[in-house]
Amino acid sequence: MAANKDNMQLNRRDFLKLSATGLGLSLVGFDPLLGTFQAAFAEGAPQPDQWFMSICPYCGTGCGVNVGVAGGKVVAVKGMPDHPINKGELCILGKNLVGILDTSDRLLFPQKKDGDQFKQINWEEATDTVASKLKETIEKNGADSFAMYISASEYIEEYYVYNKFVKGCLGTNNLESSARLCWASGVVGLVKAFGADSPPCCFDDIDLADLFFVAGYNPSSSKPIFFKRLMKAKKVNKTKMIVIDPRKTDTAKKADIHLQIKPGTDVILFNAITRELINKGLIDETKAKNITQDFEKLKEHVQSFTPQFAEEKTGISEQQLAEVVELIGQSKGALFMWGQGLNQSRIGTRKVTSLLNIPFITGNIGKAGAGPLAVTGQSTAMSLREAGALPNLLPGFRKVDDPQARQDIADIWGVDPQKMSPKAGRTIVDILNGIDAGEIKALWIIHSNPAATFPDTTWVRSVLNKLDFLIVQDCYHPTETSQFAHILLPAAQWSEKEGTMTNSERGLNLIEQAVQPPGEAKTDIEIVMNVARKMGFEKQFSFKKTEDIFEEFKRCTTHRPNDINGLSYARMRKEKGLQWPIPTAEHSGTKRRFIDQKFPGNDGKLNLAINQHDDPLEIPDKEFPLWLLTGLVNEQFHSRTRTSKIPALNRAVSEPFVEIHPDNANILKIKEGDLLKVTSRRGQLTARAVITDNILKDVVFIPYHFSFLAGEDKSVNNLTIRSFDESAKQPEYKAAAVNIEKV
Ligand code: SF4
């Protein structure tokens, strides 16, 4: 049973302290406050005789990891002591990486669906089947009847190969990724505000800022090593922290000011802060006008967002608002951070651009210790974007609808530019709708689990069943998604393949292959290139080694924002985390961008956003009177395909739970640990009650990690709604109406 959150923290620390007594791991350098470690060794395993350099594959912090191997097996992981990001430390997820490799559910050989069963086939048959099915589908229904859906935890070289195959060879831009579910609104917000995808800051800015403004983001749970650095700066430099979150998260508990905002009302709050900063004369208007577009328009627009109006709508008192405005106004350098709490909304992009108005008008941009600093939930969401593995992009942040961009990339790829589509491909929302409408016939899913992670699970499962041909390429089976496959392709995973990852501060690192993939599993690159060659694209995929792919990708970055012509595998072995652009071998990387106050948008200026608030698609009513918020816990990652294999993590949190406010619990006569049935208009979930005033009245929180492999009624996405950001198509996981009753 899930304990309440405070007990859960205690339990977690207690069992971690057990180290050598039953977890199967010996832990070295344990930090009891944050649960971070320096090394973990598999108990009873031989001492490593070889070490390989790597990066933790979970979050966008990008912690350096040394991987210890003995007898062809990974037996230890150590935080890389000389890595600039984590300086030897790892969080609970990173230190448990040994356990994700040799699991009993590794997919070891290709399999084909035969009736209700999967039957083993050889690679030749698997490759032939995939190649001929894709050819047949495209010949009969056109290239746009096929789509590929990948994860945001893969390597640059993999993204590059998928992109070349799908967009250059097959002629469709239907290449989409799971980053849509975490960060699409954040990225579209950055593009709208800056005029280009443009993370400007670096983690070193944490030590130089005097204020952290943290909205809809809980790095204590989602990025513990990054959070530890925030806490160190807070202690050493007395940096202030404002946190905006409807929950009293572990991050909010460390804040100087926690604004416990009503769900979904962020645009109103940000507009009110902007109004007060302007009206109280706390900004330099001349400077703001020099670097932004539409300052006067914004000034006029925010006048109706009075403190009284903001209090009524957001629940944040005039007094608290005044304190926050004062802190921002006094700050010499503020970092603005946000996460899924803003992104996962019907108006997620509006929330992000309204937030960005604040650093832009206060001059917190283009200088050390100031600006937006966003760390993604998946490890290589940045690599994905720079490699152009999204439906509207080509490598080097080029757009598919730009004829010159298509020509440039076609020249490098050795394909006919006329065969490349000028039309943006489908997002995952449109792919699933397309399957439902009979327009998408074949789907290739790589290391992703949409049957568990997309909202309204019942609908998603019915849609996946309609496909003529579903290829699932993964390292595990079963997953919630693999069960719907017509063919299963066994893939290598972290430590079993090499490649390059870019973290959220634009830092690139090499991941070495430490061991061979198990059984007949192959690297993702090999699998996709073999199919491509079988379809006649031998010339485009004549790479002999992964490094050749990296070298070809580098050519796509010449004179682009992410120019990495100065980087090589050899240089990455010596220098860790160099940040793009790195145009020459002599260049030492770029910590901060836009220091010259010239921005990529119109006239070199920043775009201010004139945004109104809109309610979520579904709001609580008599029948479904509570808000549902979904989110994560420290000890699990996404849909648990990896973390469910780790006893230590499952001991901490092994099933979903429902956080409910004591007042609601009293009204409903619910006691701690009672089994609850939670229903929405889409479905139901059964889970235990955790009574806590960490959450607002009339709001419930349920973690999103569990799906129907944990039990038909354990998926929070049985409850969530198919509502999407108007610009970025990111699902709204933070606002659905639910009812609760005791079972
Ligand atoms: S903070 Fe992120 S990258 Fe670092 S060890 Fe933890 S999960 Fe891995």
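Residues numbered from 1 in each chain as written. Predicted model: local features only at pLDDT ≥ 70, side-chain atom pairs only at ≥ 80, totals over all residues.

S.K.: I keep staring at the overall build of the protein and nothing clicks. Help me out?
M.R.: A tally of regular secondary structure across the protein gives 26 helices and 30 strands. For a compact globule of 743 residues, the expected C-alpha radius of gyration is about 27 Å, and the protein comes in at 25 Å, within 12% of that figure. If you line up the protein on its principal axes, its C-alpha atoms span 70 × 60 × 55 Å. Buried positions account for 57% of the 743 residues belonging to the protein. A fraction of 73% describes how many contacts in the protein between residues 6 or more apart in sequence connect residues 24 or more apart. (Helix = DSSP H or I, 4+ residues; strand = E, 2+ residues; numbered from the N terminus. Rg over C-alpha atoms; globule rule 2.2 N^0.38 Å. Buried ≥ 20, exposed ≤ 12 C-beta atoms within 10 Å, placed from the backbone. Contact = placed C-beta atoms within 7 Å.)

S.K.: Explanation requested: the sheet that holds strand 10 (residues 211–215) in the structure shown.
M.R.: Each strand in a sheet pairs with another by means of backbone hydrogen bonds, the pair being arranged parallel or else antiparallel. Taken in spatial order, the 5 strands make up an open sheet running 12-11-10-14-15, and their pairing is parallel. Edge positions in the sheet fall to strand 12 (257–259) and strand 15 (371–372), since each of these pairs with one other strand and no more. As paired elements, strand 11 (residues 240–244) and strand 12 share 3 bridges and run parallel to each other. Paired with Ile-244 across the strands is Leu-259, a residue of strand 12. Its contacts with the sheet put helix 14 (residues 318–330) on strand 10, strand 11, strand 12 and strand 14 (334–338), and the angle it makes with strand 12 is roughly 125 degrees. (Pairing = 2+ DSSP bridges. Axes fitted to C-alpha atoms, helices over the stretch in contact; angles between N-to-C directions.)

S.K.: Quick question: what am I supposed to make of the domain arrangement of the protein here?
M.R.: Often, the extent of an interface is quoted as the loss of accessible area on bringing the components together. Domains assigned within the protein are domain 1 (5–100), domain 2 (111–178 + 380–496 + 520–542), domain 3 (184–375) and domain 4 (626–742). Counting residues at the interface gives 11 residues for domain 1, matched by 8 residues for domain 3. By residue class, the composition of the side of domain 1 that touches domain 3 is 5 nonpolar, 5 polar and 1 charged. (Domains from an automatic or database assignment. Nonpolar A, V, L, I, M, F, W, Y, C, P; charged D, E, K, R; others polar.)

S.K.: What exactly am I supposed to notice about the packing of helix 4 (residues 156–170) against helix 22 (residues 524–534) here?
M.R.: Helix-helix packing is described using two parameters, namely the angle between the two axes and the distance between the axes. At a minimum axis separation of 9 Å, helix 4 and helix 22 run at an interaxial angle of 20 degrees. With respect to helix 22, the element helix 4 is oriented roughly parallel. Viewed along their axes, helix 4 and helix 22 form a crossing whose handedness is left-handed. Here helix 4 contributes Glu-157, Glu-158, Val-161, Tyr-162, Phe-165 and Cys-169 to the contact with helix 22, which in turn contributes Asp-524, Ile-525, Val-528, Met-529 and Ala-532. For the contact of helix 4 with helix 22, the residue count by class is 8 nonpolar, no polar and 3 charged. (Parallel < 35°, antiparallel > 145°, perpendicular 65-115°, else oblique. Left-handed = near helix turned anticlockwise from the far one by under 90°.)

S.K.: Even after reading the chapter, I still don't get helix 21 (residues 457–464), so can you show me in this structure?
M.R.: It helps to recall that an α-helix has 3.6 residues per turn; residues three or four apart then point in one direction. Residues of helix 21 that are buried: Thr-457, Val-460, Val-463 and Leu-464. Angularly, the buried residues of helix 21 cover 125 degrees about the axis, an arc narrow enough to put them on a single face. Packed against the buried residues of helix 21 are helix 19 (428–436), helix 20 (450–453) and strand 19 (469–474). (Arc of directions from axis to C-beta.)

S.K.: Even after reading the chapter, I still don't get the site of the ligand, so can you show me in this structure?
M.R.: Taken together, 14 residues are adjacent to the ligand, and Cys-56, Cys-59, Cys-63, Cys-91 and Gly-94 come closest. Elements that contribute at least two residues to the shell around the ligand include exactly helix 2 (92–95) and helix 8 (224–237). Considered class by class, the residues forming the shell around the ligand number 9 nonpolar, 4 polar and 1 charged. Among the domains, domain 1 (5–100) and domain 3 (184–375) are the pair contributing at least three residues each to the shell around the ligand. (Near = placed C-beta within 6 Å.)

S.K.: Can you help me understand the pairing of strand 5 (residues 73–79) in this one?
M.R.: One face of the sheet, then the other: side chains in a regular strand alternate in exactly this way. Most of strand 5 is tucked away: 5 of the 7 residues are buried. Summarising the sheet, strand 4 (residues 64–70) and strand 5 pair through 6 bridges and their orientation is antiparallel. Each residue of the ladder has a partner; that of Asn-66, found in strand 5, is Lys-78. Connecting strand 4 to the antiparallel partner strand 5 that follows it, the hairpin turn spans 2 residues, and Gly-71 within it adopts a positive phi of roughly 60 degrees.

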